Amino acid sequence: MQHTTQNDDDIVITGLGAVSPFGHGVDPLWTALVDGRSGVHELDRAGMLWDRVPIRVGADAALDADAALGRVRAQRLDRSQQLALVASGEAWADAGRPGVDPERLAVVLGTGIGGIETLLDAHDELGRNGARRVSPRTVPMLMANGAAAQVSIELDARAGAYTTVSACASGAEAIAMAARLLRTGEADVVVAGGTEAAVTPVTMASFAQSQALAKPDGDDPTTLSRPFDRGRRGFVLGEGAGIVVVERAAHARARGARVHAVLAGWGITADAFHITAPRGDGSGQERAMTQALRMGGLRGGDVDHVNAHATGTPVGDASEAAAIARVVGRGAVVTAPKSAVGHLFGAAGAVETILTVRSLETGVVPPTLNLEHQDPAIDLDVVSGTARTVLLRAALTNSFGFGGQNASLLLTRG
């Protein structure tokens, strides 16, 4: 392994923040995953539209936005914006609230769907009561760049407020774009990540109709998400936000910041194949991982851990597993967090980056839940049952999305 010390131009992660089905904070999320707990549950939703949704199991974020942000402010934000603001506040504090020139501070946030809850509510209000009852704040609340804009306003970040919209790869692509801004010298510090709040009747119904959601077959919803298991049959929709603060190593060192991990490389590719299905051979995913390794100056055998995208779909898990096996072999310890937190879509890559950082810091890899009978076609060392303690130096985290979007980030110990 060649990448062992920090160079001045290395991109380092100095702040972490999250909102998840386990509440506000990285610590509750990490503790729950290491303990093998699930955030998946029967959704307590009422109304005519929810009554028509065939599957009502999800992993929504446990956040009281009124308490976290104040009732008036929370009402002026879409749920996805609320989650982003709370998570970014934690990340900013964890980074030591860098005293950076506002014109050298940027924001890059990813989202797959944006303010869909606001859009649907406004549509219903228009139909029931007419245009005069539609809030003038509807467009700022539903627009995809709303979360990045709100965080930039909160932090007075004037070097750009960018939004990546790449389905389930959005959060990971945002972190890669943040690193590019640092590499090109356009910013000194970047707040980056992803947010998603798309647990709505329309999205649930659509995914159910496409056979993408796992169908309940018993009384325990926590067993539905089964990545890499031979009985896997779809994903569980989740909700949350993950935010990191990134900067160059020299900048972090100059201000005495703690470094959680090094973002050593990234790879972004497109399958150019199908709007929802990955290439069956996983070649686009393989290229993303290979690019990340090449940028970081590492080889596949240097990777100790892979945080897999693994949503629990029959085709998706198989193609990713094949790609991982070709790139890193069977020597890397693999985990699939979506078994516990559901699929957070645009936030998934960012939240799972944070989990990968925690694994590097602690040497602990959380278990993949519900992996009772690993698919014999998946020749990987997947952690199941209980968490595993391993010496970790380098890790990949994968995020793949509808449209053939592939993103892989290479992280090394700080």
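Residues numbered from 1 in each chain as written. Predicted model: local features only at pLDDT ≥ 70, side-chain atom pairs only at ≥ 80, totals over all residues. Heavy atoms only, no water.

Across the sheet, 3 strands lie side by side as β3-β4-β8; this open sheet has mixed pairing. For this open sheet the edge positions go to β3 (41-42) and β8 (237-238), each flanked by a neighbour on one side alone. Direction of pairing for β3 relative to strand β4 (residues 57-59): antiparallel, over a ladder of 2 bridges. Along β4, the bridge assignment pairs His-41 with Gly-58. (Pairing = 2+ DSSP bridges. Helix = DSSP H or I, 4+ residues; strand = E, 2+ residues; numbered from the N terminus.)

Before going further, it helps to spend a moment on the pairing of strand β1 (residues 11-20). Burial analysis of β1 places 10 of its 10 residues in the buried class, the great majority of the element. Pairing of β1 with strand β10 (residues 261-270), which is carried by 3 bridges, proceeds in the antiparallel orientation. Across the sheet, the residue bridging to Ile-13 is Ala-261, located in β10. Sheet analysis places β1 next to strand β9 (residues 240-248), joined by 8 bridges and oriented antiparallel. Along β9, the bridge assignment pairs Gly-17 with Ile-243. (Buried < 20%, exposed > 50% of the residue type's maximum accessible area, 1.4 Å probe, protein only.)

A positive phi angle, near 55 degrees, is found at Asp-156, a position not held by glycine. Its place among the elements puts Asp-156 in the loop between α8 (146-155) and β6 (161-164). Take Asp-156: its relative accessible area is 32%, and that puts it in the partly exposed class. Not every positive phi belongs to a glycine, and Gln-211 is a case in point at roughly 65 degrees. Take Gln-211: it is sitting in the loop between α10 (201-209) and β8.

On to the packing of helix α12 (residues 283-296) against helix α13 (residues 314-328). At a minimum axis separation of 8 Å, α12 and α13 run at an interaxial angle of 40 degrees. α13 is crossed by α12, and the crossing has right-handed handedness. Only Ser-319, Glu-320, Ala-323, Ile-324, Arg-326 and Val-327 of α13 make contact with α12, whose side of the interface consists of Ser-283, Gln-285, Glu-286, Met-289, Thr-290 and Leu-293. Class assignment for the residues of the contact of α12 with α13 results in 5 nonpolar, 4 polar and 3 charged. (Axes fitted to C-alpha atoms, helices over the stretch in contact; angles between N-to-C directions. Left-handed = near helix turned anticlockwise from the far one by under 90°. Contact = heavy atoms within 4.5 Å. Nonpolar A, V, L, I, M, F, W, Y, C, P; charged D, E, K, R; others polar.)

Attention now goes to the packing of helix α9 (residues 170-183) against helix α15 (residues 348-362). Running from N to C, α9 and α15 point in directions that differ by 70 degrees, and their axes come no closer than 5 Å. Taken together, the axis directions place α9 and α15 in an arrangement best described as roughly perpendicular. The segment α9 lies against α15, with Gly-171, Ala-172 and Ile-175 engaging Gly-349, Ala-350 and Thr-353. (Parallel < 35°, antiparallel > 145°, perpendicular 65-115°, else oblique.)

Turning our eyes to something else, we now look at the packing of aromatic side chains. For the structure shown, the criterion picks out 4 aromatic pairs. Residues Phe-207 and Phe-402 carry aromatic rings whose centres are separated by 6.3 Å and whose planes lie at 55 degrees to one another, so their mutual orientation is tilted. Of this pair, Phe-207 sits in helix α10 while Phe-402 sits in the loop between β16 (394-401) and β17 (405-413), placing them 195 residues apart in sequence. With relative accessibility at 11%, the residue Phe-207 sits in the buried group. Under the relative-accessibility criterion, Phe-402 is labelled partly exposed at 37%. Here the aromatic rings of Phe-235 and Phe-345 are separated by 5.8 Å at their centres, their planes lie at 75 degrees, and the arrangement is edge-to-face. Taken together, the residues Phe-235 in the loop between α10 and β8 and Phe-345 in the loop between α14 (338-341) and α15 connect sequence positions 110 residues apart. This pair shows no difference in class: Phe-235 is buried, exactly as Phe-345 is. Members of the aromatic cluster, connected to one another through ring pairs, are Phe-207, Phe-235, Phe-345 and Phe-402. (Phe/Tyr/Trp six-rings, centres within 6.5 Å; stacked < 30°, edge-to-face > 60°.)

Looking at the element boundaries, His-305 is found in strand β11 (residues 305-307). Judged by relative accessible area, which is 0%, His-305 ranks as buried. Discounting residues that sit within four places of it in the chain, His-305 has contacts with Ala-332, Val-333, Thr-335, Thr-356, Ser-359, Val-365, Leu-392, Ala-394, Ala-395 and Leu-396.

Turning our eyes to something else, we now look at the pattern of salt bridges. Overall, the coordinates contain 25 salt bridges when judged by the stated rule. A salt bridge links Arg-73 to Glu-154, with the shortest nitrogen-to-oxygen separation between them at 2.5 Å. Here Glu-154 lies in helix α8 and Arg-73 lies in helix α4 (residues 71-75), a separation of 81 residues in the sequence. The exposure class of Arg-73 is partly exposed, given its relative accessible area of 33%. Glu-154 sits in the partly exposed class, given a relative accessible area of 44%. Linking Asp-381 and Arg-388 is a salt bridge whose minimum nitrogen-to-oxygen distance equals 2.8 Å. Residue Arg-388 is classed as partly exposed on the basis of its relative accessible area of 29%. Shared partners join several salt bridges into a network, and the residues in it are Asp-27, Arg-358 and Glu-361. (Salt bridge = Lys/Arg side-chain N within 4 Å of Asp/Glu carboxyl O.)

The end-to-end C-alpha distance of helix α5 (residues 79-94), which contains 16 residues, comes to 23 Å, matching closely the 22 Å that a straight helix rising 1.5 Å per residue would cover. Burial runs high along α5: 12 of the 16 residues are buried. Along α5, the residues that are buried comprise Arg-79, Ser-80, Gln-81, Gln-82, Leu-83, Ala-84, Leu-85, Val-86, Ala-87, Ser-88, Ala-91 and Trp-92. Directly after α5, the chain includes Gly-96, whose backbone phi takes a positive value near 85 degrees. (Expected span 1.5 Å × (residues − 1).)

Another point: the side chain of Thr-138. Here Thr-138 is to be found in helix α7 (residues 138-142). Judged by its relative accessible area of 11%, Thr-138 is buried. Among residues more than four places away in sequence, those in contact with Thr-138 are Thr-118 and Ala-122.

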